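# Coordinate inspection notes
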Amino acid sequence: MEFVQQLINGISLGSIYALIALGYTMVYGIVKLINFAHGDVFMVGAFIGFYSITVFHLGFLPALLLSMVACAIFGVLIERIAYKPLRNATRIAALITAIGVSLFIEYGTIYLRGAQPEAYPDGIIPTKVIKFLGIEINSQSLFILGVSVLLMILLQFIVHKTKIGKAMRAVSHDMDAARLMGINVDNTISATFAIGSALAGAAGVIFGMYYTKIEPLMGIIPGLKAFVAAVLGGIGIIPGAMVGGLLLGVVEALVSALGYSLWRDGVAFVVLILILIFRPSGLLGKNVREKV
């Protein structure tokens with residue numbers, strides 16, 4: 001029974017990693033850029049959600065939507081200001097810029113509001129313990145999982161059924177050919193950053209509600225773990241990011257359940273090393289041909 005409870009906790013945590021990892025994998029699939037500032041967009045989303053709830057007294061869903069919209073705009077600004085001028089530059093230049101943007105967001109946030117942590121208030125959503133077949137499940141975990149799955153389904157709908165989704169897939173396969181077919185590549189890339197950043201913002205609010213404590217450097221470790229999840233599933237492949245995030249969350253929960261909670265952060269990077277050695281294309285890298 002303990003195993004099942006830990007499995008549910010791991011899936012809830014993994015769904016947060018998956019939401020962040022989707023932004024990494026979408027951006028990489030189109031512009032071949034590892035956006036290391038993505039974890040900090042997640043942090044900004046957590047703070048926007050926090051202030052929406054505590055200052056404007058919004059409920060969970062309005063705060064979630066406001067955070068997603070604000071982070072989408074923030075993601076587009078980052079792309080237009082920092083990355084667009086480097087579109088034809090070397091990959092190392094873009095990578096260094098991404099690290100610089102990450103540090104700028106982190107310490108800019110500290111400058112604006114200080115480094116002190118904040119705590120999400122209790123009771124944002126009702127918390128009950130649901131008993132099923134002798135298993136005690138926190139309703140909050142199920143709610144987080146439900147919201148995350150809903151957002152992932154919405155993303156799949158956008159990518160497969162909408163005009164911008166078709167444009168994103170075309171640009172990911174061949175940017176020059178897409179441009180010749182009349183697709184506005186710049187707008188498509190900006191839309192990709194907007195969608196990925198919106199998902200990161202949602203993950204930030206969910207994370208804050210689940211773990212309560214948030215602070216300006218909170219995006220570093222979850223951001224790196226989401227990158228591991230994207231590589232685990234197959235960087236550039238949307239279903240891979242989902243699978244990688246869920247698997248990583250389950251592995252961490254099981255490591256904690258075995259009494260090695262101090263090792264849970266290290267396990268994520270052990271998984272990254274093993275994947276790079278034995279299957280560098282990721283779990284779905286060879287079987288799933290469709291990219292973003």
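These figures come from a predicted structure and were not determined experimentally. (Residues numbered from 1 in each chain as written. Predicted model: local features only at pLDDT ≥ 70, side-chain atom pairs only at ≥ 80, totals over all residues. Heavy atoms only, no water.)

## Digging into the packing of helix α9 (residues 220–233) against helix α10 (residues 238–257)
Following both chains from N to C, one finds α9 and α10 inclined at 120°, their axes separated by 7 Å at the closest point. When the axis of α9 is compared with that of α10, the two are oblique. Pair α9 / α10 crosses with right-handed handedness. Residue-level contacts link Lys225, Val228, Ala229, Leu232 and Gly233 of α9 to Gly240, Gly244, Gly245, Leu247, Leu248 and Glu252 of α10. (Axes fitted to C-alpha atoms, helices over the stretch in contact; angles between N-to-C directions. Helix = DSSP H or I, 4+ residues; strand = E, 2+ residues; numbered from the N terminus. Parallel < 35°, antiparallel > 145°, perpendicular 65-115°, else oblique. Left-handed = near helix turned anticlockwise from the far one by under 90°. Contact = heavy atoms within 4.5 Å.)

## Digging into the packing of helix α5 (residues 139–161) against helix α6 (residues 163–173)
Here α5 crosses α6 at 75°, and the two axes come no closer than 5 Å. In this view, α5 runs roughly perpendicular relative to α6, as classed from their interaxial angle. Touching Ile158, Val159, His160 and Lys161 of α5 are Lys163, Ile164, Gly165, Lys166, Met168 and Arg169, all from α6.

## Regarding helix α2 (residues 38–54)
Its 17 residues give α2 an end-to-end C-alpha distance of 25 Å, which sits within 8% of 24 Å, the value for a rise of 1.5 Å per residue. Burial within α2 is extensive, with 14 of its 17 residues counted as buried. (Expected span 1.5 Å × (residues − 1). Buried < 20%, exposed > 50% of the residue type's maximum accessible area, 1.4 Å probe, protein only.)

## Notes on the pattern of salt bridges
Across all of its chains, the model carries nine salt bridges by this definition. Across the pair Glu79 and Arg80 runs a salt bridge whose closest N-O atoms are separated by 3.4 Å. Salt-bridge contacts for Asp186 lead to Arg87; the nearest nitrogen and oxygen are separated by 2.7 Å. Residue Asp186 is found in helix α8 (residues 185–211), and its partner Arg87 is found in the loop between α3 (60–83) and α4 (91–113); the two are separated by 99 residues along the sequence. We classify Asp186 as partly exposed; its relative accessible area is 27%. Members of the salt-bridge network, linked through shared partners, are Glu79, Arg80, Lys84, Arg87 and Asp186. (Salt bridge = Lys/Arg side-chain N within 4 Å of Asp/Glu carboxyl O.)

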